Amino acid sequence: MTTKRVLSLLQRGWTAFVDPGREERLQRGTTLVHRDLAHQRDEFDFSSSMAKHDLPIEDAEEIARRIFEKCLMKAWDDEELTAKEQKTLAWVAKHLNLSREETERIQRTQADTVFTSTLADAFRDGILDEAEFKKLDRIASSSGSTSATATRTRMAPSDTSVASSPRARSRAPRRAAR
């Protein structure tokens, strides 16, 4: 488990301890504000929607992030992110007052999840056919990458300290010579 994942779990646990109703409040707020966004469209105002539902301002960033993630997951349903969907997502991010950095981070994370899932499905039968390769390439290009780069990052060892240890280095030439 990565350090980032451990810290995230600890933070959620602490938050649940300090504010036990927060998760329920966030889920309720996400549903209500998302509904307002869908119904009001161009008239939607994030701050007004939060106030209308008596949601604390401290929850605004998390609710906005969750709504954006929900919209992004819907857009990825067909494992492809079209130009029209990207335009809609940009509109949603703007109306939720999300920063460009935050939306890019969320999009990279979701694209990574979709790519990894699709790659696993493609390798299930042991053969990566042309259609599967093209699908992986479309997913990777939607996130500004290539399928080769995206695959390499998933195939690289996660703990480079093992491969660079003196013992591993001393064995490497023997393996190559065999």
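Summary of the structure given here. (Residues numbered from 1 in each chain as written. Predicted model: local features only at pLDDT ≥ 70, side-chain atom pairs only at ≥ 80, totals over all residues. Heavy atoms only, no water.)

**Observations regarding the nonpolar core**
In globular proteins that are soluble, nonpolar side chains generally tend to be buried together. Counting 31 residues, the largest nonpolar core has V33, F46, I63, F68 and L96 as the members making the most contacts within it. Of all the secondary structure elements, the ones that give two or more residues to this core are helix 2 (22-40), helix 3 (46-52), helix 4 (60-75), helix 5 (83-95), helix 6 (100-123) and helix 7 (130-142). Counting residues per element, this core draws most heavily on helix 4, at 8 residues. (Core = buried A, V, L, I, M, F, W, Y, C linked by side-chain atoms within 4.5 Å. Buried < 20%, exposed > 50% of the residue type's maximum accessible area, 1.4 Å probe, protein only. Helix = DSSP H or I, 4+ residues; strand = E, 2+ residues; numbered from the N terminus.)

**Some thoughts on the layout of surface pockets**
Counted as a void, the largest pocket has a volume near 960 Å³. Taken together, 27 residues make up the lining of the largest pocket; nearest its centre are S8, R12, E62, R65 and R66. Residue assignment for the lining of the largest pocket shows that the elements contributing at least two residues are helix 1 (3-18), helix 2, helix 4 and helix 6. Of the residues forming the lining of the largest pocket, the biggest block, 8 residues, is contributed by helix 1. A per-class count over the lining of the largest pocket returns 6 nonpolar, 6 polar and 15 charged. Put simply, the second largest pocket is a space of about 340 Å³. Forming the boundary of the second largest pocket are 14 residues, of which R41, C71, T88, W91 and V92 lie nearest the centre. Elements that contribute at least two residues to the lining of the second largest pocket include exactly helix 2, helix 4 and helix 5. (1 Å grid on protein atoms, 1.4 Å probe; cavity = no way out; pocket = protein on both sides within 12 Å on 5 of 7 lines; lining within 4 Å. Points joined across faces, edges and corners; volume = space filled by probe spheres on them. Nonpolar A, V, L, I, M, F, W, Y, C, P; charged D, E, K, R; others polar.)

**A look at a nonpolar patch on the surface**
Nonpolar side chains collect at one region of the surface, where M1, V6, L7, L9 and L10 lie side by side and expose about 520 Å² of accessible area between them. Within the fold, M1 resides in the segment before helix 1. (Patch = residues over 30% accessible without salt bridge, like charges linked within 9 Å, V, L, I, M, F, W, Y side chains within 5 Å. Areas by Shrake-Rupley, 256 points an atom, 1.4 Å probe, with all protein chains shown as cover. Salt bridge = Lys/Arg side-chain N within 4 Å of Asp/Glu carboxyl O.)

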